[in-house]
Amino acid sequence: MDVAILTVGDELLAGDTENTNATWLCRQLSARGASVRRVLVVPDEHETIAEYVREWRTAYDAVLVTGGLGGTHDDVTMDAVAAGADRPLVVPDAAREAVERAARAYRESNPETAARFELDLDVEAWASVPEGARVLANDPGLSPGANVPAEDGLGAVYVFPGVPAELRAMFESVADDFGGDVVSRTVHTDAPEGALAADLAAVRDEFDVAVGSYPDSGGPNRLKVTGEDAEAVEAALAALSERVSTVEE
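So, here is what we can say about the structure in this document. (Residues numbered from 1 in each chain as written. Predicted model: local features only at pLDDT ≥ 70, side-chain atom pairs only at ≥ 80, totals over all residues. Heavy atoms only, no water.)

Topic: the overall build of the protein chain
Thought 1: Regarding its fold elements, the protein chain presents ten helices and eleven strands.
Thought 2: Principal axes of the C-alpha set define a box for the protein chain whose edges measure 65 × 45 × 30 Å.
Thought 3: Out of the 249 residues in the protein chain, the part that is buried amounts to 41%.
Thought 4: As displayed, the protein chain has an accessible area near 12900 Å², and 45% of this comes from carbon and sulfur atoms. (Helix = DSSP H or I, 4+ residues; strand = E, 2+ residues; numbered from the N terminus. Buried < 20%, exposed > 50% of the residue type's maximum accessible area, 1.4 Å probe, protein only. Areas by Shrake-Rupley, 256 points an atom, 1.4 Å probe, with all protein chains shown as cover.)

Quick look at the structure:
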């Protein structure tokens, strides 16, 4: 399963917010055997988001979009995804009820704040999703996510919030949608990266696997073997361990 991740937010590009969502999603998807082929950060621009959704649906099994959900002026993601998927925005009853329930719970839990500030919530703006999409509940937050299903050679699209706690809870509700045959194993070595090239290339060519070398100035270097045949990966790892001295992490 080939997946692309599109993270949305001016604050990410400005460096005001660290893009932990992309790293977390990559880790979750890889652990399930999926292959992450693209990760991109884009601003809160409607046409930019729509363009990548439109293009990536033709190339990947799934496109994951995070950030920019809600009803404020810069929350353009859901509308842009709908445009990229060539669908109108609609407000399903389930989404409307979820937003109203979350708003009501907030008022009840924060009576002083609710009394001080008038919460003029545009429910439709917060609850809109592309037509035909599956509504993804946002239990920790307010705005629901959405899943536009795969169709006619086009990959599925998943739209998640940008708040990490909300993203993680929502992803867990659809985690079983993602899988694949990719297997990875890791070992560590105290050998300098410059001394590894010939051994890594030999293992890669013999077993038809990917072999990555990732230097770490604070500890041993990490060597990662990846492939779609578990036996080949194990054999390659054994061969690599014979060629290169390995150490505990």
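Side note on a negative patch on the surface
Thought 1: On the surface, a cluster of negative charge is made up of Asp10, Glu11, Asp16, Glu45 and Asp74.
Thought 2: Following the sequence through the fold, Asp16 ends up in the loop between helix H1 (10-13) and helix H2 (20-31).
Thought 3: Taking the relative accessible area as the measure of exposure, Asp16 reaches 61% and is therefore exposed. (Patch = residues over 30% accessible without salt bridge, like charges linked within 9 Å, V, L, I, M, F, W, Y side chains within 5 Å. Salt bridge = Lys/Arg side-chain N within 4 Å of Asp/Glu carboxyl O. Lys, Arg positive; Asp, Glu negative; His and termini not counted. Charge placed at Lys NZ, Arg CZ, Asp CG, Glu CD.)

Things to note about the environment of Ala105
Thought 1: Within the secondary structure layout, Ala105 lies in helix H5 (residues 93-109).
Thought 2: Judged by relative accessible area, Ala105 falls into the partly exposed class, the value being 35%.
Thought 3: The spatial distance from the C-alpha of Ala105 to the C-alpha of Met78 is 24 Å, given a sequence separation of 27 residues.

Some details on helix H10 (residues 230-243)
Thought 1: Taking 1.5 Å of rise per residue, 14 residues should cover 20 Å, and H10 covers 20 Å from first to last C-alpha, within 8% of that figure.
Thought 2: Among the residues making up H10, those that are buried are Ala232, Val233, Ala236, Leu237, Ala239 and Leu240. Axial view of H10: buried residues confined to an arc of 165 degrees, hence all on one face. Opposite the buried face of H10, by more than 90 degrees, sit the exposed residues Glu231 and Glu242. (Expected span 1.5 Å × (residues − 1). Arc of directions from axis to C-beta.)

Quick notes on the nonpolar core
Thought 1: By size, the foremost hydrophobic cluster in this structure holds 23 residues, and its most contacted members are Leu6, Ile49, Val53, Val65, Val81 and Val157.
Thought 2: Among the elements of the structure, strand S1 (2-8), helix H3 (46-57), strand S3 (62-66), helix H4 (77-84), strand S7 (145-148) and strand S8 (156-160) are those that each provide at least two residues to this core.
Thought 3: Sorting elements by how many residues they give to this core places H3 first, with four residues.
Thought 4: Aside from chain neighbours lying at most four places away, what touches Val81 is Ile49, Val53, Val65, Pro130, Val157 and Val159. (Core = buried A, V, L, I, M, F, W, Y, C linked by side-chain atoms within 4.5 Å. Contact = heavy atoms within 4.5 Å.)

Thoughts on unusual backbone geometry
Thought 1: Positive phi is not limited to glycine here, since Asp86 has a value of about 60 degrees.
Thought 2: Secondary-structure assignment places Asp86 in the loop between H4 and strand S4 (89-90).
Thought 3: Within the chain, Asp152 stands out as a residue other than glycine whose phi angle is a positive 45 degrees.
Thought 4: By the element assignment, Asp152 lies in the loop between S7 and S8.
Thought 5: Judged by relative accessible area, Asp152 falls into the exposed class, the value being 78%.

Side note on the pairing of S3
Thought 1: Among the five residues of S3, five are classified as buried, and the element is accordingly described as predominantly covered.
Thought 2: Both faces of S3 are covered, namely the face carrying Ala62, Leu64 and Thr66 and the face carrying Val63 and Val65.
Thought 3: Relative to S3, S1 runs parallel, the two sharing five bridges. Its bridge partner being in S3, Thr7 is matched across the sheet by Thr66.
Thought 4: Note: S3 against S8, five bridges, orientation parallel. Residue pairing for S8: Thr66 is matched across the bridge by Phe160. (Pairing = 2+ DSSP bridges.)

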